[in-house]
Amino acid sequence: MEELPTLKILTLGDASVGKTSILLRFSEDEFPKTTMPTIGIEYKTKYAEISGRAIKLQVWDTAGQERYHRTLASTFYRRANGIVLVFDLTDKTSLEHVESWMKQIRAKADPKVAIILVGNKMDLIDQNEFPEGKSLADSYGIPFIMVSAKTGKNVVEAFNTLSEMIVMHD
Ligand code: GDP
Ligand code: MG
């Protein structure tokens, strides 16, 4: 069987913003009541069709100890085709830290890496818009999308948007 093109995607963001939950929602369509803190680095594979092409998405979930995670081996950044940068819509600090995550990405990832900013836990807020997230994403020239790993809202859309960005400048 022919090898499918593989897109490597990395989830980044502060501890507890919901990186593991987003990945489980995307890959298994599940939202477990308790998530195990991620130990080291794990990935899940999902097949998708992006712009009419069958592809394999390899989504890497990064470690629970986000302090360790900030110093993540550069190879993980370097190999990523796309990055899902997550913050928690109910946690202002996690939004403030987006800037330092972007610095890490700029320093370590391929300059052409596709990035989307994801505001998670949409189910906990009663707005359909989040101007702070949108304007921050605009300042980086990247898309912003609000999701909920809990309800599943926009999770697939977020990965599709990112995958299309990758496939487009390929
Ligand atoms: P990680 O440290 O970034 O991997 O975050 P986790 O996926 O472990 O999630 C941290 C906590 O937030 C857990 O208690 C999750 O159940 C919760 N959580 C994650 N996503 C959502 C969401 O979309 N809505 C709500 N209400 N809780 C969430
Ligand atoms: Mg985790």
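Residues numbered from 1 in each chain as written. Chains lettered and ligands numbered in written order. Predicted model: local features only at pLDDT ≥ 70, side-chain atom pairs only at ≥ 80, totals over all residues. Heavy atoms only, no water.

Caption draft 1: Seen up close, the overall build of the protein chain. In terms of regular secondary structure, the protein chain is built from seven helices and six strands. The linear arrangement of helices and strands in the protein chain, starting from the amino end, is β-α-β-β-α-α-β-α-α-β-α-β-α. Counting the 170 residues in the protein chain, one finds 45% classified as buried. A fraction of 72% describes how many contacts in the protein chain between residues 6 or more apart in sequence connect residues 24 or more apart. Of the accessible surface of the protein chain, which amounts to about 9100 Å², a share of 50% is contributed by carbon and sulfur atoms. (Helix = DSSP H or I, 4+ residues; strand = E, 2+ residues; numbered from the N terminus. Buried < 20%, exposed > 50% of the residue type's maximum accessible area, 1.4 Å probe, protein only. Contact = heavy atoms within 4.5 Å. Areas by Shrake-Rupley, 256 points an atom, 1.4 Å probe, with all protein chains shown as cover.)

Caption draft 2: Local environment of the packing of aromatic side chains. Counted under the stated rule, the structure contains five aromatic pairs. A ring pair is formed by phenylalanine 87 and phenylalanine 144, whose centres lie 6.0 Å apart and whose planes are at 15 degrees; its orientation type is stacked. Separated by 57 residues along the polypeptide, phenylalanine 87 in strand 4 (residues 82-88) and phenylalanine 144 in strand 6 (residues 144-146) bring together distant segments of the chain. Looking at phenylalanine 144, the relative accessible area reads 18%, which means it is buried. Taken together through their ring pairs, the aromatic side chains of Tyr43, Trp60 and Phe76 make up a single cluster. Just above the ring of phenylalanine 26 sits the side chain of lysine 46; from NZ or CZ to the centre is 4.7 Å. (Phe/Tyr/Trp six-rings, centres within 6.5 Å; stacked < 30°, edge-to-face > 60°. Lys NZ or Arg CZ within 6 Å of the ring centre and 35° of its normal.)

Caption draft 3: Seen up close, the sheet that holds strand 2 (residues 42-50). Ordered in space as 2-3-1-4-5-6, the six strands form an open sheet in which the pairing is mixed. The open sheet has two edge strands with one neighbour each: strand 2 and strand 6. Across the sheet, the mean angle separating the axes of adjacent strands is 25 degrees when strand polarity is ignored. As paired strands, strand 1 (residues 6-12) and strand 3 (residues 53-61) are joined by five bridges and run parallel to one another. The residue bridging leucine 7 from the neighbouring strand is leucine 57, located in strand 3. In this fold helix 5 (residues 98-108) packs onto strand 1, strand 4 and strand 5 (114-120), with an angle of close to 165 degrees to the strand it touches most, strand 4. (Pairing = 2+ DSSP bridges. Axes fitted to C-alpha atoms, helices over the stretch in contact; angles between N-to-C directions.)

Caption draft 4: Here's a closer look at the pattern of salt bridges. Taken as a whole and assessed by the stated rule, the structure comprises five salt bridges. Its salt-bridge partner being glutamate 28, residue lysine 44 comes within 3.1 Å of it at the nearest N-O pair. Taken together, the residues lysine 44 in strand 2 and glutamate 28 in helix 1 (residues 19-28) connect sequence positions 16 residues apart. Look at lysine 44 and you get partly exposed, because its relative accessible area is 29%. (Salt bridge = Lys/Arg side-chain N within 4 Å of Asp/Glu carboxyl O.)

Caption draft 5: Structural detail: the side chain of serine 148. Structurally, the position occupied by serine 148 is in the loop between strand 6 and helix 7 (155-168). A polar contact of 3.0 Å, which involves the side chain of serine 148, links it to the backbone nitrogen of threonine 151. In contact with serine 148, not counting residues within four places along its chain, are Asn120, Lys121, Met122, Asp123, Lys153 and Val155. (Polar contact = N/O pair within 3.5 Å; in protein donor to acceptor, adjacent residues only side chain to side chain.)

Caption draft 6: Expanded view of the environment of leucine 124. Position of leucine 124 among the secondary structure elements: in the loop between strand 5 and helix 6 (131-140). Owing to a relative accessible area of 54%, leucine 124 belongs among the exposed residues under this scheme. As for leucine 124 and lysine 150, which are separated by 26 residues in sequence, their C-alpha atoms are 9.7 Å apart.

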